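Residue-level listing of the chains:
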Amino acid sequence: MLIAIARRILLSLLTLLMLATFIFVATEIMPGDALDVSLSADELSMIPPERLAQMKRDLGLDRPPHERFGAFIAGIVQLDFGRTLISKTPVWTIVGYPMRNSLILAGAVLVLAFPLALAIGVTAAVWRGRTVDNVVSTGAVIGYSIPEFVIGTLLVMAFAVAWPIFPATITALTRDPAATLLAASPLAVATVLIGSIAYLARLVRTGMVDALASDFVERLRLTGIPEWRIVFVHALPAAIIPSLTAAALYAAALVSGIVVVELVFAYPGLGQELVRGVTRREVHVVQAIALCSATIVVALNLLADLAILALDPRTRRA
Amino acid sequence: MSDITRRRLLQGSAGAALLTALDTELLGDAAAQEQPKRGGALVYAQLSANRRAGGPSNHKHPYFTVDANTKPIWSTPSWVNPDLGWELEVATKIEQADDKLNVWDMTLREGVMFHDMTEMTAADAVASFDYHRQNAPFARQIVKVEAAGRHSVRFTLDAGNSEFPYVLAEYNSPIMKAGPLETIGLDGIGTGPFRIVSSDPNRSMILERFEHYWRRGFPYLDRIEIHNREGQQESALNGLRAGQFDAVLNIDGRAATQFENNPNFAIEGAKGGYSFVIQLPKHPGSPFLDKRVRQAFAFAIDREAIVRVAYSGRFGWVGNDSHLMITDPSFVPRPGGRDVARARRLLAEAGHPNGINLGTLYWSPQLPEAGRYFQVLQQSVRDAGITLALEERPNDGYIQFRTGDNDLTRGNFHKFAMTAVGSRNPGISMFRMRGAFVESGHWRGPEHDRYLALYQRAMVTADAAARRTIYAEMQSILHEEVPAVLPAGGDTLLVRRRHMRDMPYHPQIWSIRFEQIWRA
Amino acid sequence: MIRFLRRLARRPLTILGLLLVGGHLLVAAIAPWITPHDPLRLLDAPLEPPTAIFWLGTDELGRDFFSRLLLGGQISIVAAASAGLIAAIGGGILGLATAYHRGLFDDVVSRLVEMKLSIPSILLVSLFVTGFGQSLGVLIVVMSLIYMMGVIRTSRAMGISLMEQGYVKAAKLRGESATTIVLREMLPNIADLLTVEFALRTSSALLLVSALSFLGLGVSPPTPDWGLMIQSGLQSIRSEPWLILAPALCISTLVIGINFATEGVADLLGLEAARGATGH
């Protein structure tokens with residue numbers, strides 16, 4: 001058991017190291033010196049060459065790539081993402097709050113999505129093939145087939161323009177407390193929620209259908225255990241296990257969705273910082289955002305793996 | 001056409017016909033006679049925010065605040081009024097010291113307090129302009145700034161400038177609290193009617209009434225909230241309708257048309273607010289090195305169509321490829337109009353009988369109509385066999401992106417790209433086409449030198465009428481040389497809820513007097 | 001075949017899906033010949049309401065909106081389908097190869113897959129698009145890579161079970177090379193799976209392309225594209241809502257159609273792939 005856990009953690013760390021390498025390479029091959037694109041010509045023309053060289057030295061842009069990579073990895077280990085190229089601000093002060101805000105949004109979505117998806121998925125599975133199942137299954141496909149920006153726009157049209165009961169755009173500030181942010185963002189939460197529920201409910205339904213059709217459940221039925229006990233006590237845990245892995249993988253998709261929705265509603269999260277960082281070639285900001293969001297996804301995957309280990313005795317030997 | 005300000009129409013070329021109708025309406029507007037009330041907040045969304053908006057360390061610095069409108073927080077020595085004349089602001093005297101117009105003396109108002117309750121003195125002005133002359137393009141002409149007394153300052157310029165007081169009214173000319181060059185301005189402390197309470201880099205800013213503002217009795221409002229919605233006009237307008245915002249600044253003509261008949265809202269406009277310059281890079285290998293290609297491009301653009309589509313017709317005007325706005329008395333229309341046949345002929349002479357591909361024109365949503373503006377331009381030049389691709393770039397970091405690298409020997413040049421141009425006095429506007437400035441695409445050659453010589457002559461010519469003649473000659477050089485293209489411009493427009501009063505727009509979007517706005 | 005069609009006839013949603021996809025593909029293919037007006041021409045009358053001549057009116061620049069709508073799927077469909085195809089074939093082969101070789105090669109590829117799957121795709125694409133410039137080629141390559149990772153996962157699992165099959169073992173005994181076994185013996189056996197994967201990845205890619213266009217990182221104007229059209233339609237969200245609703249309906253019906261069709265067909269073929277593998 002301990003070995004299995006250690007192995008999973010080690011593999012996750014390995015994944016993260018490869019990720020860091022990948023992100024470093026991807027940002028290093030961007031054409032153009034970060035300093036050149038970040039200073040305007042008028043400013044550049046006023047900086048004497050010696051000072052420019054000094055600036056590059058300060059930023060470490062003159063060192064060979066492998067040295068910079070070493071420093072990059074060393075920095076990550078110490079949770080130091082460096083400073084921005086131009087204003088010399090620690091990257092963490094730029095990325096910190098937006099990261100928190102995106103996590104708040106993601107957390108709110110997940111907290112709402114999981115129970116709802118469970119309820120919907122189980123209902124559909126229990127009444128498999130009936131009208132309710134058909135509605136759920138069809139609705140789920142439709143739900144995750146519509147792009148987030150379309151859902152967001154339609155919600156704005158309905159609930160902020162035609163029938164103005166919710167704010168159309170988010171004016172909350174980056175450092176506002178979580179409650180203020182969420183209170184200002186009902187339509188943004190709803191937008192991400194629709195796709196998430198559609199996706200997760202479908203997973204739960206599939207898992208439940210399989211579990212309810214398994215030999216194990218058939219035997220339980222023969223012993224005369226009431227159906228509700230079978231559903232909730234025996235089938236549901238078995239159905240959740242395979243759903244967990246898929247749900248953890250969904251975290252990456254969730255982050256993608258949140259990035260788009262943040263930009264639609266002007267939510268003060270990572271989406272805005274990402275676009276800004278990429279376009280300003282603030283290499284360190286982009287690296288930090290990519291690394292942090294990927295770390296979250298990897299961590300979720302690890303958690304799902306560990307949960308499966310704890311729930312499912314068969315996997316412990318692997 | 002409800003509530004369009006009188007000035008817009010008085011100055012506008014097309015507006016005269018509507019004047020009578022409007023006058024009646026203005027007289028009927030009881031709001032004009034109402035006594036201003038104190039208190040309350042103004043929450044506005046800004047569609048043309050500061051493109052240099054900064055990060056956590058510098059977001060309170062006047063150059064990097066979320067709105068390029070720095071006047072609510074900092075005062076400048078002079079102010080440009082809506083008729084584009086300059087007035088004294090926090091200075092009580094701005095005068096040339098001699099006939100050469102290159103030494104200027106300024107006396108500061110006494111008893112002006114900073115937000116931290118220290119008095120503003122010459123030391124603050126000297127420290128501020130020492131920073132500006134090294135960081136702001138228009139202040140670069142200042143060679144030396146020194147204190148001549150507790151409240152007097154002397155500026156020495158690299159050459160004479162008869163219009164120097166305008167430089168002291170720029171949004172990049174605020175008086176900051178004295179400090180070392182590296183840190184001056186970062187504290188966000190000014191002498192303006194409002195002080196910064198909190199600032200969210202690139203996103204929002206919250207200001208509060210400053211009790212000891214030097215204009216006694218002002219401001220009326222307790223609080224101002226600024227939200228950046230650049231490139232997101234629809235989101236800002238939805239917020240306005242939903243009551244989240246009291247006003248949206250820099251809306252486009254289409255939005256104005258949607259709101260002008262709505263009794264809950266009023267449109268404020270000022271004619272000739274801004275235009276777009278398209279910089280034509282003239283580095284080795286560029287098609288724009290050939291004057292005929294530049295001329296062909298200028299003749300091929302359907303400027304009227306841009307005005308029609310991007311500015312809903314009546315909120316725009318045809319530019320003349322100089323930085324002057326149509327409202328400027330010195331403005332000379334470009335001769336020849338649109339001439340597709342001539343454009344084709346010029347291209348053929350330049351060796352492109354089958355048309356030419358000009359590559360990618362970069363633009364950013366600096367104003368909400370920019371997307372439509374450049375798509376019409378792209379489509380219209382096709383008639384002359386000119387193809388170009390468009391690429392939208394985000395506002396944030398756009399200045400750096402488009403200016404690129406000034407050093408032509410390094411192979412990295414500024415882009416074939418647009419940027420917004422504000423309304424200014426002719427001295428500043430005409431100076432923007434100098435070869436050393438990126439907006440001219442680093443224009444060079446004898447005609448450029450003649451242009452610059454004329455500019456220098458204008459700058460030491462004290463007589464305004466004589467200056468106007470020189471400006472006309474300079475514009476005819478631009479019409480022939482086409483160092484850059486400025487196809488069309490628009491009026492500055494804002495929409496406000498009716499309860500925001502005394503909030504007229506200004507042709508310079510950074511010169512609104514926020515201390516006079518009040519809430520009914 | 002007859003049995004397949006008979007079972008298909010009992011699945012109205014699958015038929016609906018196939019019809020939607022077929023209809024969209026047909027329109028996209030013949031659009032250049034059936035558009036009533038030039039989709040790029042400015043008609044000097046922006047935002048005209050629908051008329052008998054301009055069925056859906058004109059857009060914000062005064063171009064015929066109906067013509068643009070007909071053409072608006074072309075680019076995204078081509079880009080998404082190319083990415084889906086490359087991902088399905090490349091991922092299929094790589095997945096089988098890892099199943100065949102196992103060992104270090106398998107470990108490395110599996111780590112790569114996991115790594116790629118943990119970077120949100122929009123982040124990855126915007127990274128590359130800014131690095132290499134905004135071009136359809138870059139977009140297709142990056143999307144192929146992203147979706148290939150998922151395909152590797154499923155085809156590897158299939159490959160591992162195929163390795164136990166008699167014909168693979170026989171081929172090994174005959175001394176066939178690894179390349180031959182993977183390409184000749186195993187690949188044809190997962191063709192069904194790869195077809196389904198292709199469809200699923202294409203639908204995800206469609207969502208991604210339209211989101212990128214909406215954000216201004218995908219298809220560039222003046223090319224008609226649904227994502228772009230929705231973006232510019234936002235300006236008239238109140239006055240001309242059909243400028244948003246029509247392209248939104250188009251992109252949604254296309255993706256819904258693909259997902260309905262794929263799910264049904266996969267089910268009929270007895271494939272697990274459709275389960276939970278969709279989504280973006």
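Residues numbered from 1 in each chain as written. Chains lettered and ligands numbered in written order. Predicted model: local features only at pLDDT ≥ 70, side-chain atom pairs only at ≥ 80, totals over all residues. Heavy atoms only, no water.

Before going further, it helps to spend a moment on the overall build of chain B. Regarding its fold elements, chain B presents 14 helices and 20 strands. Taking 24 Å as the expected radius of gyration for a compact globule of 520 residues, we find that chain B reaches 23 Å, a close match to that expectation. By principal-axis analysis of the C-alpha atoms, chain B measures approximately 70 × 55 × 45 Å. Relative to its full complement of 520 residues, chain B shows a buried share of 64%. The long-range share in chain B, meaning contacts at least 24 apart out of those at least 6 apart in sequence, stands at 71%. Surface exposure of chain B reaches about 17,200 Å², of which carbon and sulfur atoms provide 50%. For chain B, the distance from the average site of its 60 positive side-chain charges to the average site of its 59 negative ones is 2 Å. (Helix = DSSP H or I, 4+ residues; strand = E, 2+ residues; numbered from the N terminus. Rg over C-alpha atoms; globule rule 2.2 N^0.38 Å. Buried < 20%, exposed > 50% of the residue type's maximum accessible area, 1.4 Å probe, protein only. Contact = heavy atoms within 4.5 Å. Areas by Shrake-Rupley, 256 points an atom, 1.4 Å probe, with all protein chains shown as cover. Lys, Arg positive; Asp, Glu negative; His and termini not counted. Charge placed at Lys NZ, Arg CZ, Asp CG, Glu CD.)

Time to look at the sheet that holds strand S6 (residues 142-147) of chain B. Residues and elements named next belong to chain B. Ordered by their spatial adjacency, four strands build an open sheet running S4-S5-S7-S6, and the pairing between neighbours is antiparallel. With one partner strand each, in any of the chains shown, strand S4 (91-96) and S6 form the two edges of the open sheet. Taken pair by pair, the neighbouring strands of this sheet meet at an average axis angle of 15°, ignoring direction. Inspection of the sheet shows S6 paired to strand S7 (residues 152-157) by five bridges, in the antiparallel sense. From the neighbouring strand, Ala-147 faces S7, where its bridge partner is Val-153. Across the sheet, helix H3 (residues 122-135) lies against strand S5 (103-108), S6 and S7, angled at about 165° from S6, the strand it touches most. (Pairing = 2+ DSSP bridges. Axes fitted to C-alpha atoms, helices over the stretch in contact; angles between N-to-C directions.)

In this section: the interface of chain A and chain C. Counting from both sides, the interface comprises 50 residues of chain A and, opposite them, 49 residues of chain C. Around 4,300 Å² of area is buried between chain A and chain C when both sides are counted, 75% of it from carbon and sulfur atoms. Considering only the surface of chain A that becomes buried against chain C, Phe-22, Phe-149 and Met-157 of chain A emerge as the three largest contributors, covering 14% of it. For the pair chain A and chain C, the interface holds one salt bridge. Here Arg-202 of chain A and Glu-263 of chain C are joined by a salt bridge, their closest N and O atoms 3.2 Å apart. Of all the secondary-structure elements, those providing two or more residues to the side of chain A that touches chain C are helix H1 (2-28), helix H7 (131-145), helix H8 (148-162), helix H10 (186-212), helix H12 (227-265), helix H13 (270-279) and helix H14 (283-311) of chain A. Among the elements that line the side of chain A that touches chain C, the one with the most residues is H12 of chain A, at nine residues. The residue makeup of the side of chain A that touches chain C, split by class, is 38 nonpolar, eight polar and four charged. (Buried area = accessible area lost by both parts, 1.4 Å probe. Salt bridge = Lys/Arg side-chain N within 4 Å of Asp/Glu carboxyl O. Nonpolar A, V, L, I, M, F, W, Y, C, P; charged D, E, K, R; others polar.)

Applying the stated criterion to the full structure yields 42 salt bridges over all chains. Put simply, Asp-133 of chain A and Arg-205 of chain A hold a salt bridge, and the shortest N to O gap is 2.6 Å. Placement of the pair is Asp-133 of chain A in helix H7 and Arg-205 of chain A in helix H10, with a sequence separation of 72 residues. Accessibility classification places Asp-133 of chain A together with Arg-205 of chain A in one group, the buried group. Linking Asp-246 of chain B and Arg-519 of chain B is a salt bridge whose minimum nitrogen-to-oxygen distance equals 3.1 Å. Of this pair, Asp-246 of chain B sits in the loop between helix H5 (233-241) and strand S11 (247-249) while Arg-519 of chain B sits in strand S20 (residues 518-519), and the two are 273 residues apart along the sequence. You can call Asp-246 of chain B buried: its relative accessible area is 5%.

This part is about a nonpolar patch on the surface. Residues and elements named next belong to chain C. On the surface, Leu-26, Val-27, Ile-30, Trp-33 and Ile-34 cluster together into a nonpolar patch covering about 500 Å² of accessible area. Tracing the sequence through the fold places Trp-33 in helix H2 (residues 12-34). According to the relative accessible area criterion, Trp-33 is exposed, its value standing at 71%. (Patch = residues over 30% accessible without salt bridge, like charges linked within 9 Å, V, L, I, M, F, W, Y side chains within 5 Å.)

All names here are of chain B. Residue Phe-218 is joined to Pro-219 through a cis peptide bond whose omega torsion reads -5°. Positive phi is not limited to glycine here, since Leu-84 has a value of about 65°. Take Leu-84: it is sitting in the loop between strand S2 (78-80) and strand S3 (86-88). Although it is not a glycine, Met-117 sits at a positive phi angle of roughly 65°.

This structure, assessed with the given rule, holds 26 aromatic pairs over all chains. For the ring pair Tyr-171 of chain B and Trp-510 of chain B, a centre distance of 5.1 Å and an interplane angle of 65° mean the geometry is edge-to-face. In this pair, Tyr-171 of chain B sits in the loop between helix H4 (164-167) and strand S8 (194-200) while Trp-510 of chain B sits in the loop between strand S19 (500-501) and S20, placing the two residues 339 residues apart along the sequence. Aromatic pair Trp-317 of chain B and Phe-331 of chain B: ring centres 6.5 Å apart, planes at 90°, arrangement edge-to-face. Residue Trp-317 of chain B is found in strand S13 (residues 316-318), and its partner Phe-331 of chain B is found in the loop between S13 and helix H9 (340-349); the two are separated by 14 residues along the sequence. Taking relative accessible area as the criterion, Trp-317 of chain B reaches 3% and is therefore assigned buried. The buried category is assigned to Phe-331 of chain B, whose relative accessible area is 14%. The rings of Tyr-274, Phe-276, Tyr-311, Tyr-373 and Phe-374 of chain B are connected pair by pair, giving a single aromatic cluster. The ring of Phe-299 of chain B is capped by Arg-334 of chain B, whose NZ or CZ atom sits 4.8 Å from the centre of that ring. Taking NZ or CZ as reference, Lys-172 of chain C lies 4.9 Å from the ring centre of Tyr-100 of chain C, over its face. (Phe/Tyr/Trp six-rings, centres within 6.5 Å; stacked < 30°, edge-to-face > 60°. Lys NZ or Arg CZ within 6 Å of the ring centre and 35° of its normal.)

Residue and element names in this part refer to chain A. Looking at the secondary structure, you find Arg-100 in helix H6 (residues 91-126). What makes Arg-100 partly exposed here is its relative accessible area of 28%. For Arg-100 and Phe-265, which are 165 residues apart along the polypeptide, the C-alpha to C-alpha distance reads 17 Å. With sequence-adjacent residues up to four places away left out, Arg-100 is seen in contact with Thr-174, Arg-175, Asp-176, Pro-177, Ala-178 and Leu-181. A polar contact is formed between the side chain of Arg-100 and the side chain of Asn-101, at a distance of 2.9 Å. Among the polar contacts made by the side chain of Arg-100, one reaches the main-chain carbonyl oxygen of Asp-176 at a distance of 2.5 Å. (Polar contact = N/O pair within 3.5 Å; in protein donor to acceptor, adjacent residues only side chain to side chain.)

The next thing to look at is the interface of chain C and chain B. The interface of chain C with chain B comprises 19 residues on the first partner and 16 residues on the second. A combined buried area of about 1,800 Å² lies between chain C and chain B, and 51% of that area is made up of carbon and sulfur atoms. One can count five residue pairs in polar contact (both at pLDDT 80 or more) joining chain C with chain B. Here the side of chain C that touches chain B is composed, by residue class, of nine nonpolar, five polar and five charged.

In this section: the confidence of the model for chain B. Looking at chain B as a whole, the pLDDT averages 89, with 91% of positions reaching at least 70. The ipTM value of the predicted complex is 0.82, and its pTM value is 0.84. (pLDDT = per-residue confidence, 0-100.)

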